[in-house]
Amino acid sequence: MKQNLNFETSGDTLNLNISGDFISYADAELKNRLYTLARDNNIRRVVVNTANLGQWDSTLVIIIFELKKIALERQITFEQQNFPQNLERLLTLAFSVDRKPAQPNNSSGSFFENVGACGVDIYNSIIKGFNFIEKSWGSFLRSVTGHSFMRTVDLSFALEDCTYKALPIVSLISFMVGLILAFVGAVQLKTFGAQIYVASLVTIGMTRIMGAIMTGIIMAGRTGASYAATIGTMQVNEEIDALKTMGVNPIDFLVAPRFIALVITMPLLTMWSDFMGMLGGGFVGVTMLGIPFQKYWELSVDAISLDNFLVGIFHGLIFGAVIAVCGCYYGIFCGRNADSVGSATTKAVVSSIVWMIIMTGIITVSCEVLGI
């Protein structure tokens, strides 16, 4: 079908009839004549009819967008007749974007107004956070059942980032923490001549809580910040808007693979951290405290209990979910400039650590009540 851009004036009305296939339309002269006519002071109404429109692409959207913008600038009537639904949605989206940044409100109210505004902000933040958690959980369930937009390659990349690439820093920090625990414990145990029990102290401390906490802090600063920066940059570059335009759920596409990767790998990294911490304690015990290696090994094995081990693994599982949610949340709701990406990254790390400490307190109290 031949593309036709037919327009004529009738009194104070400009009628534009579009027919045929509009693919890569490039008649600049005809478009300029149309725009010039729309700017005529005698024209008070513009009517666009696409009843006979065939296939079309973005060049048609640009023509109608410019025409409607002229009508809005002149404050005249603009009517759309027989528009395809997709074309109508694209035009609505184009005119719904606020290109003028909001001006900050510098007016200072009374004390009670400020307290009320602060309370409203906190309430809205809580609601937004819970909605994001709900969507993330729903995306996780859809991914498990195979009904989400998550790609296997994205999950593979996320797992790669959270596994062997994280081992060097986790190993180093955990080894040093075990070493420090052994030194601190030996200071007091030497007073009673019981420095041999450094092995039990380090083993219990690492397996029950310290291994999970240190791994969580490392992954919050390393992986959680990476999630916030990566997704935040996509927000700045309008890549997330592009996903929404294509009908792709950004929670499924961006959050689900990262959430699943951290939930899977954090318990494994916690176990590795436990081992490296015990190794660090063993280094101090054998080389500096004079404890025989075999004796240190026996005491360490005897000190390992299934309850402590499972509590530590459970901490790691919860910490993985906390880090993934915080990192992705601040990335998804990042602003539209470079400064917002830095702010989102900082907030992701701080929030992850704060919520990990809160969850540690809740789990510790629960374990105490349950006698675990």
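Above this text sits the structure in question.
Residues numbered from 1 in each chain as written. Predicted model: local features only at pLDDT ≥ 70, side-chain atom pairs only at ≥ 80, totals over all residues. Heavy atoms only, no water.

Novice: Help me out: how do you make sense of helix α2 (residues 58-74) in this one?
Specialist: Note: α-helices contain 3.6 residues per turn, so residues at a spacing of three or four share the same orientation. With 17 residues, α2 should reach 24 Å at 1.5 Å per residue; the first-to-last C-alpha distance of 24 Å fits that figure. When α2 is considered as a whole, its buried residues turn out to be Thr59, Leu60, Val61, Ile63, Ile64, Phe65, Leu67, Lys68, Ile70, Ala71 and Arg74. Lining the buried residues of α2 we find β2 (13-22), α1 (28-38), β3 (45-56), β4 (77-81) and α3 (85-96). (Helix = DSSP H or I, 4+ residues; strand = E, 2+ residues; numbered from the N terminus. Expected span 1.5 Å × (residues − 1). Buried < 20%, exposed > 50% of the residue type's maximum accessible area, 1.4 Å probe, protein only. Contact = heavy atoms within 4.5 Å.)

Novice: I would appreciate a short explanation of the sheet that holds β4 in the present structure.
Specialist: Spatial ordering of the open sheet is given by β1-β2-β3-β4, a layout of four strands whose pairing is mixed. Lying at the two open borders of the sheet, with one neighbouring strand each, are β1 (4-10) and β4. Across the sheet, the axes of successive neighbouring strands diverge by a mean angle of 15°, strand direction being ignored. Of the pairings in the sheet, the one linking β3 to β4 comprises five bridges and is parallel in character. In the strand pairing of β4, Arg45 is matched with Thr77. (Pairing = 2+ DSSP bridges. Axes fitted to C-alpha atoms, helices over the stretch in contact; angles between N-to-C directions.)

Novice: Where do I start with the environment of Leu243 in this structure?
Specialist: Within the secondary structure layout, Leu243 lies in helix α8 (residues 239-245). Residue class for Leu243 comes out buried when judged on its relative accessible area of 9%. A C-alpha to C-alpha distance of 55 Å links Leu243 and Val198, two positions 45 residues apart in sequence. Other than its neighbours up to four places away in sequence, Leu243 contacts Val248, Phe253 and Leu254.

Novice: Help me understand unusual backbone geometry, please; the structure alone is not making it clear to me.
Specialist: It is generally the case that most residues other than glycine have a negative phi and that most peptide bonds are trans. Although it is not a glycine, Gln75 adopts a positive phi angle of roughly 60°. Among the structural elements, Gln75 can be located in the loop between α2 and β4. Gln75 gets classed as exposed once you look at its relative accessible area, which sits at 69%. With phi around 60°, Asn82 is a residue other than glycine that occupies positive phi space. Overall, the relative accessible area of 52% leaves Asn82 in the exposed class.

Interpretation note: all reported values are geometric properties and have no functional meaning in isolation.
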